[in-house]
Amino acid sequence: MNKIVLITGATSGIGLSCAHKFAENGEHLILTGRNEKRLAEIGKELEAKGTKVMILAFDVRDAEKAKEHIGNLPEQWRDIDVLVNNAGLALGLEPEYEGDPDDWSTMIDTNIKGLLTMTRLVVPGMVERNRGHIINVGSVAGDAAYAGGNVYCATKAAVKALSDGLRIDVANTAIRVTNLKPGLVETNFSNVRFHGDTDRAANVYKGIVPLTGDDIADVAVYAANAPAHVQIAEVLILATHQASGSVIVRK
């Protein structure tokens, strides 16, 4: 039976890779993001390959819009089997005492509150059906802070704590919770962090072969398709020459 997989932040990066990988696995997709035009393009591309796709254009920071879209899903799309909480971002790399409060709010509202909103809207149905899987995209940054990472690292530490807490909360059910913790992944992540400074973003990946969005999506699909009695609780995924969030050997 085809699973229904809801992926937030599906227009680029890890979210887009997850959409393609789950589609290749034969799943039906609910894709969310802020760019409706881009979502429609992705939906058409995946449907042309035989996948059923529902697109929902909203920002996970807007809890009311999220509630409206999830609450109005057609009957055949309501039994969500896998929730991939991928929407997230980093902004800035300044010392904490020089950070931009607007950047802080955007990161906290997206990475933490957006994840909580989607969890609150989707997981009760999973509990009622006694099946489901939540895959939260955290980060190696959630394990230890690095220079300039301060608030971003704090949000990803929160993702770990929320994943662990949810896993405890649903331990009496057949629901599984996975926290994926990628290291250096070459997507538009750094471009967003540096507010469109492409040269600065490119320097992040110089001298190392970084991970790709597909690498992370492969792990997500593996976790979702593990035997029912197996819960892949947490996975740290690093490039070969990255040892931690702050130790990277460039050649």
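Structural notes, computed from the coordinates.

**Overview of the environment of A145**
Right, on to step 1. Position of A145 relative to the elements: it lies in the loop between β5 (133-137) and α5 (150-169).
Right, on to step 2. Here the alpha-carbon distance between A145 and A157, two residues 12 residues apart in the chain, equals 9.1 Å.

**Quick look at the pairing of strand β6 (residues 176-182)**
Right, on to step 1. Taking burial as the measure, the seven residues of β6 include seven buried ones, the bulk of the element.
Right, on to step 2. Burial along β6 is two-sided: R176, T178, L180 and P182 facing one way and V177, N179 and K181 facing the other are all buried.
Right, on to step 3. Two strands pair when backbone bridges link them, and β5 and β6 are joined in this way by five bridges, in the parallel orientation. Residue pairing for β6: I135 is matched across the bridge by T178.

**Some thoughts on the packing of helix α1 (residues 13-24) against helix α8 (residues 213-224)**
Right, on to step 1. Where α1 meets α8, the closest approach of the two axes is 8 Å, and the angle between their N-to-C directions is 50°. Considering the angle they form, α1 stands oblique to α8. Pair α1 / α8 crosses with right-handed handedness. Of the residues in α8, those touching α1 at I14, S17, C18, K21 and F22 are G213, D214, I216, A217, D218, A220, V221 and A224.
Right, on to step 2. Broken down by class, the residue content of the contact of α1 with α8 amounts to eight nonpolar, two polar and three charged.

**Section: helix α2 (residues 36-47)**
Right, on to step 1. In a regular helix each residue adds 1.5 Å, so 12 residues correspond to 16 Å; α2 covers 16 Å between its end C-alpha atoms and thus fits that length.
Right, on to step 2. Those residues of α2 that fall on the buried side of the exposure criterion are L39, I42, G43 and L46. Viewed end-on, α2 has its buried residues packed into an arc of 105°, placing them on one side of the element. Opposite the buried face of α2, at more than 90 degrees from it, the exposed residues are K37 and K44.
Right, on to step 3. Measuring from the side-chain oxygen of the N-cap residue of α2 to the backbone nitrogen of K37 gives 3.2 Å; that N-cap residue is N35.

Criteria and thresholds
Residues numbered from 1 in each chain as written. Predicted model: local features only at pLDDT ≥ 70, side-chain atom pairs only at ≥ 80, totals over all residues. Heavy atoms only, no water. Helix = DSSP H or I, 4+ residues; strand = E, 2+ residues; numbered from the N terminus. Buried < 20%, exposed > 50% of the residue type's maximum accessible area, 1.4 Å probe, protein only. Pairing = 2+ DSSP bridges. Axes fitted to C-alpha atoms, helices over the stretch in contact; angles between N-to-C directions. Parallel < 35°, antiparallel > 145°, perpendicular 65-115°, else oblique. Left-handed = near helix turned anticlockwise from the far one by under 90°. Contact = heavy atoms within 4.5 Å. Nonpolar A, V, L, I, M, F, W, Y, C, P; charged D, E, K, R; others polar. Expected span 1.5 Å × (residues − 1). Arc of directions from axis to C-beta. Polar contact = N/O pair within 3.5 Å; in protein donor to acceptor, adjacent residues only side chain to side chain.

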